[in-house]
Every structure is written in C-alpha cells, then in structure tokens.
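Residue strings, one per chain:
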Amino acid sequence: MKGNIVVGQSGGPTAVINSSVAGVYAAAKKLGVKNVYGMVHGIEGFLEDKLIELEDYLDAPVGIELLKRTPSAFLGSCRFKMPKIEGHEDVYEKVFEIMEKHDIECLFYAGGNDSMDTVKMLSDYAAAHGKTQRFMGVPKTIDNDLPVTDHCPGYGSAAKYIATSLKEIIRDNESFGAKKPTICIVEIMGRNAGWLTAAAALAKGEDCSGADAIYLPEKVFDMDAFMEKVKHLAATKSSVVIAVSEGIHIADGRYVCELANENVAVDAFGHKQMSGTAAYLAQLIAAETGLKTRAVEFSTLQRAATHLASLTDINEAFQVGHDAVVAANEGKTGMMITLDRNGDDPYQCGTSAYDIHAIANVERPVPAEWITEDGCGLNEGYEKYARPLIMGELLPIFVNGVPQHLVRK
Ligand code: F6P
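Residue indices begin from 1 for each chain and proceed along its sequence in written order. Since the coordinates come from a predicted model, pLDDT governs what is reported: local features require at least 70, and pairs of side-chain atoms require 80 or more to be given and counted, while whole-chain, interface and lining totals use all residues. Heavy atoms from the whole structure form the basis of all side-chain values; hydrogens and water molecules are not counted.

An unreviewed UniProt entry annotates the protein chain as Pyrophosphate--fructose 6-phosphate 1-phosphotransferase of Parablautia intestinalis. UniProt positions are given in the numbering used here, feature names are shortened, and annotations may be inferred rather than shown by experiment. Per UniProt, the protein chain carries the Subcellular location (unreviewed entry) text "Cytoplasm". Per UniProt, the protein chain carries the Sequence similarities (unreviewed entry) text "Belongs to the phosphofructokinase type A (PFKA) family. PPi-dependent PFK group II subfamily. Clade 'B2' sub-subfamily."

Below, the structure is given as structure tokens:
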C-alpha cells in the first residue's frame, strides 16, 4: 500500500472495539504504511478534518496492549447518517478532499448496521465517480445482528458480562429464601434483535438454575401471559429472576418502554432510545401482586465491561481489523470482513470479505428454532452457538486498584 490509511469507530461502543483499531494499526505497520490516522468521532469528525496519528499512542511498548484493554471508543464515536448522494454531493466530495489532503488510500470503519451503510455509500460514490480510494467495513456490535457474519465482535464480551451479572443477581435474589419471593426484572440491550438478551441463558450451569424466563423482541410480548407466568413462578419458587429485552413490544407494535413514556427520543437513524422496560414491568407486578420487585437495567455496563471481556472476542476483534487491512491491500473495497465459523468443538473461526450491499441496514434476528416453544427461553442450539464466544479472559492492567485505560489527549 503506497498511501496512508484512516480508521474510525461508529455507533454504540463495545468492550472490544478498540481491539479492532489495534488490529488495523498492527496490520498497517506490518505492511509498511507510513501514517495510520484515527478519525475523532467517526465520519462526523472526519468531515471536520479531526484526525489523530495512532503512532503517537501505539508506538509505546504497552500501547497496543493497553488499547485492547480500554472500553468504549478510544477514537470517539458518532451516530451520523450519510445523506442520500443526490443533492448532497458536497458532503461526499468533502470526504474525498480530506482523504486526498492526507494522502489516505483506504478508510476502515468499525461499526454495526448503520455504520456499514456509511461504508456502502462512500464506496458506491467512489465507484460512480471514478475515485480510487477504498472503503472497508470492520464488524462491531454488541447487538450481534449483522447478517452474513457468524457473529459480531463485541457480542461475546457483552454476553459474558450479561451471563456473569445475571448469575450474580440470581445468587443474591436467592439468598433470603423468603416465603414470598422478590421478583427481579433485568433489562438487556439489543433493540430489535434478542441476541444479547438470549445471553441470559448462559448463566445456567451446574451451580445455577438460570433465569426463570427470557423474553426476546423476536416474539410479540403478551402482557397477560407474562403476568400469569410471574404469578405461577412466584407461587412455586423462592426467587424469581426474569430477563427482558429493551426491545420487547406488544401486538400493536409499541415497545413496552413506550407504555411508560410516550415521548421516547429518536436518533439520526430513527431508532428510539429505549430504557425503562424493567422498571415499568416491576411496577406493574408490584401493583398487581403486592410482591417485592426489583428492576435492574444493565444499560451502559453491558457494553463497557472490558474488565470481563471474552478473550475470544478480543482476539477476533483484533483479527477483523487486521484482515480488513490485508483485504484492502489486495485491492478490495466496498466490503466488510466476516467471521466464518469452521467448527464448534474445538471452536474454530476464520475470516473473509463480503459485499457490503448484502450487509448494510440488514438486521439478523435470533433464529426461531433456538427459541423454546413457550416463547420465553433458549434451547441447546443457542448455547452451542454462543458458549464458545464468551470463552477466555484477558486481565486488565490494574493501577491503584482499578483498570488502566488508554486515553486520547
Ligand atoms: O447499537 C448498540 C446499542 O447498544 C443498542 O443495543 C442500544 O439500543 C443502543 O446502542 C443504545 O444507544 P445509545 O447509547 O446511543 O442510547
């Protein structure tokens, strides 16, 4: 590769998105790329020419290792939708102008469905206007809902956090052995795909009976059936812990969180900001049954818990970043790196590059055959798929008792 490259991060952060930046950097340096730039706050910052040189941070002996152990988006993220090309050519020309100014030959963008739309729009524009710059997508999303790829970097770590924390909550909730149980509702992210909530199933093991029910957004949420289920569990158990997706919705399409608050905020992509589902359901249960309830919203914690990241996930996040550079060096553009599973036992996974048009803006749900017949559990098919993704740990570097992070100046 003769020119320089730039890497950006976009959308909701994950525990391992920085590992992908480390992978991009490591591959570029191996290939002798002179300058590896980082976009500050994704494409939105890039349009304002906000760049840093990664060498300033990653050349130090612990640089890459510290970056891998740093949660959130080290470069800063954004939720910026590229406008449609027609009538907004100036926005696209600006991107190419900045690329030319810094002699940037390839742009790498780590993100989920919406971010892959940016890669698609830019590579389509380049193709239509005879531009030679290349654009590659690096998969990332805790939601695990990108199509084609077996799974998405970020998911394994969030799933590990969810399974671990849920197990700890179950342990706590069981401790009183009360005649009347506390009903604990745990709300998990994932918008329209239930992959993250499904990870609640991974809490179950020899030493833990697991969640009592798991509600995914793939199924319409029936409030009456839910209440019946809660009452039955309360009558037969001394502890009840239920996992719900933030995206569960009733038959008319309204999210449960909207039942409590009609004025839910919307982002640039039209996605509603979801929160409050567990609190709403817990209040309803308390009012109808008189039982003690507790609402837990994992919220930011589930995507920022790098201290509990899956080593498999960290390594794969690094690999997709690395392999995106290798693919671009071979001349590929308008593609995203996918993770291709080759085996479960032992778990084996490779990568390849896939056309971005089949990926951008497509959401992949949890397969129906992995959801139990009663609609509130996951079967062994899911466990076989997900368990390998949460395996392994990478200890943080602790300073003064807390993990050390790499921070942009
Ligand atoms: O896209 C990832 C995600 O974490 C979703 O699971 C969640 O609904 C959303 O981001 C939350 O976004 P924000 O942090 O912008 O509210």
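Still more to cover.
Enquirer: Please explain the UniProt feature "binding site: substrate" (unreviewed entry) in the protein chain as it appears in this structure.
Expert: According to UniProt, the positions carrying the feature "binding site: substrate" (unreviewed entry) are T141, I142, D143, M189, G190, R191 and E246. Here, residues are in contact when the closest pair of their heavy atoms is within 4.5 Å. Apart from the residues lying within four places of it in its own chain, the contact partners of I142 are P13, T14, G154, Y155, A158, M189, L196 and R303. Counting from the N terminus, the helices are the DSSP runs of H or I reaching at least four residues and the strands are the DSSP runs of E reaching at least two. Within the secondary structure, E246 sits in the loop between β8 (240-245) and α10 (256-260). Note on exposure labels: buried denotes an accessible area under 20% of the residue type's maximum, exposed denotes more than 50%, and partly exposed covers the range between, all computed with a 1.4 Å probe on protein chains only. Given the relative accessible area of 9%, E246 is considered buried. Sequence-distant contacts of E246, that is, excluding residues within four places in its chain, are made with E187, I188, M189, G190, R191, C257, M274 and T277.

Enquirer: I keep staring at the nonpolar core and nothing clicks. Help me out?
Expert: Within soluble globular proteins, side chains that are nonpolar tend to cluster in buried spots. Core analysis: the biggest nonpolar cluster contains 39 residues, and Y155, L378 and Y382 have the highest contact counts within it. The set of elements that each furnish at least two residues to this core consists of α7 (155-174), β6 (183-188), α8 (195-198), β8 and α14 (380-386). Sorting elements by how many residues they give to this core places α7 first, with nine residues. Sequence-distant contacts of Y155, defined by excluding residues within four places in its chain, comprise T141, I142, N144, W195, L196, A199, D313, Y382, Y385 and L389. We call a set of buried residues a nonpolar core when its members are Ala, Val, Leu, Ile, Met, Phe, Trp, Tyr or Cys and they connect through side-chain atoms within 4.5 Å of each other. Grouped together as the second largest cluster of nonpolar side chains are 36 residues, I17, I52, L75 and M335 included.

Enquirer: Explain the domain arrangement of the protein chain here, please?
Expert: Often, the extent of an interface is quoted as the loss of accessible area on bringing the components together. Assigned domains within the protein chain: domain 1 (4-153 + 306-361 + 391-403) and domain 2 (156-303). One C-alpha centre belongs to domain 1, the other to domain 2; they are set 32 Å apart. Taken together, the contact between domain 1 and domain 2 spans 21 residues of the former and 17 residues of the latter. Once two parts are put together, the accessible area they lose, assessed with a 1.4 Å probe and summed over both, is termed the buried area. When the two sides are added together, the surface that domain 1 and domain 2 hide from each other amounts to roughly 1700 Å², 59% of it contributed by carbon and sulfur. Think of a salt bridge as a Lys or Arg side-chain nitrogen and an Asp or Glu carboxyl oxygen that are within 4 Å of each other. On inspection of domain 1 and its partner domain 2, the count reaches two salt bridges. A salt bridge links R79 to D267; the nearest nitrogen and oxygen atoms lie 4.0 Å apart. Think of a polar contact as two N or O atoms within 3.5 Å of one another; within protein, one of them needs to be a possible hydrogen donor and the other a possible acceptor, and neighboring residues in sequence only count if both atoms come from side chains. The interface formed by domain 1 and domain 2 holds seven residue pairs in polar contact (both at pLDDT 80 or more) in total. Source of the domain bounds: an automatic or database domain assignment.

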